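Each chain, written out:
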Amino acid sequence: GENVEQHPSTLSVQEGDSAVIKCTYSDSASNYFPWYKQELGKGPQLIIDIRSNVGEKKDQRIAVTLNKTAKHFSLHITETQPEDSAVYFCAASGAGGQNFVFGPGTRLSVLP
Amino acid sequence: EPEVTQTPSHQVTQMGQEVILRCVPISNHLYFYWYRQILGQKVEFLVSFYNNEISEKSEIFDDQFSVERPDGSNFTLKIRSTKLEDSAMYFCASRMDSNNEQFFGPGTRLTVL
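Here the residue numbering is sequential within each chain, running from 1 through the sequence in written order. All chains are assigned letters beginning at A, and all ligands numbers beginning at 1, according to the order in which they are written. Local features in this predicted model are restricted to residues whose pLDDT is 70 or higher, and side-chain atom pairs enter the listing and the counts only when it is 80 or higher, whereas totals over whole chains, interfaces and linings include all residues. No hydrogens and no water enter the side-chain calculation; it runs on all heavy atoms of the structure.

Colleague: Hey, could you run me through the overall build of chain B in this one?
Modeller: Helices and strands together make up the secondary structure of chain B, namely 0 helices and 11 strands. To qualify as a helix, a DSSP run of H or I must reach at least 4 residues; to qualify as a strand, a run of E must reach at least 2; elements of each kind are numbered from the N terminus. Reading chain B from its N end, one meets helices and strands in the order β-β-β-β-β-β-β-β-β-β-β. Here the C-alpha radius of gyration of chain B, 13 Å, is about what a compact globule of 113 residues would show, namely 13 Å. For the exposure calls, accessible area comes from a 1.4 Å probe over protein chains only, and a residue counts as buried if that area is under 20% of its type's maximum, exposed if over 50%, partly exposed in between. Per-residue burial for chain B yields a buried fraction of 44% across its 113 residues. The atom set for the radius of gyration is the C-alpha atoms, and the globule formula is 2.2 Å times the number of residues raised to the power 0.38.

Colleague: For this particular structure, what's the right way to read the sheet that holds strand S8 (residues 72–77) of chain A?
Modeller: Neighbouring strands of a sheet are bound in pairs by backbone hydrogen bonds; such pairs are parallel or else antiparallel. Residues and elements named next belong to chain A. Read from one edge of the open sheet, 5 strands run S1-S3-S8-S7-S6, paired in antiparallel fashion. The open sheet has two edge strands with one neighbour each: strand S1 (4–7) and strand S6 (56–59). Averaged over neighbouring strand pairs, the angle between their axes works out to 15° when direction is ignored. Two strands form a pair only when DSSP identifies at least two bridges running between them. In terms of strand pairing, strand S3 (residues 19–25) meets S8 through 6 bridges, oriented antiparallel. From the neighbouring strand, Cys-23 faces S8, where its bridge partner is Phe-73. Orientation is described by lines fitted to C-alpha atoms, with helices fitted over the stretch in contact, and by angles between N-to-C directions that extend from 0 to 180 degrees.

Colleague: Would you mind showing me how to read the side chain of Ser30(A) here?
Modeller: Turning to its location among the elements, Ser30(A) is positioned in strand S4 (residues 30–38). Taking relative accessible area as the criterion, Ser30(A) reaches 4% and is therefore assigned buried.

Colleague: What's the story with the pattern of salt bridges in this structure? I'm lost.
Modeller: The term salt bridge refers to a side-chain nitrogen of Lys or Arg lying within 4 Å of a carboxyl oxygen of Asp or Glu. Per the stated rule, a full pass over the model turns up 5 salt bridges over all chains. In this structure, Arg61(A) and Asp84(A) form a salt bridge, with 2.9 Å as the shortest nitrogen-oxygen distance. In this pair, Arg61(A) is assigned in the loop between S6 and strand S7 (62–67) and Asp84(A) in the loop between S8 and strand S9 (86–94), connecting sequence segments 23 residues apart. For Glu44(B), the salt bridge identified is with Arg36(B), shortest N-O distance 3.2 Å. Given the relative accessible area of 21%, Glu44(B) is considered partly exposed. Residue Arg36(B) is classed as buried on the basis of its relative accessible area, which comes to 11%. It is possible to trace a salt-bridge network through shared partners that takes in Lys37(A), Glu39(A) and Lys42(A).

So, in structure tokens, the structure goes:
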């Protein structure tokens, strides 16, 4: 089955700097890759997603890149703000399947 | 903005007892999911439900677990005989169709004593 790895497990950046979180997946049939932000005591909230027919997607300060050949995808947050501090999860969804396999998460701390 | 709701927010139970976790998915959504998250760990898929039947389930979802959509609005997860290791956050999610994003509820924290 699908296995998703995520690095780093923790990341601290200064406010205004960029943050990059990387994920790899094992199933080449996976075709949908969402990123979720989870704040303390809340459920995961989708922040951006990418499908396998796209190499890069951007939404304001957030971008995701996908390398299908290498089976990895990355989340890029620019001009980080303290409210970006949260746990970020990547996930992969296989073709024909509906469920998501989540990565182990990255705790991002943006220091003022 | 429509959202997935879950009740209760926190459930405390004794080992061996049955619990029912409730979810109200977004009204026009057709696909429903349960996930769990043990404290400090990643979110794990339990089960997906479509067209009034289970479409996928993980190895975690054993005979102690069941799901039901009893009345067209609620989507429930039942654990028949809880174990200590069932203590976790349980998230419900729904999506309109298989090509759209999943929306997660706020979760129910289950504590088994």
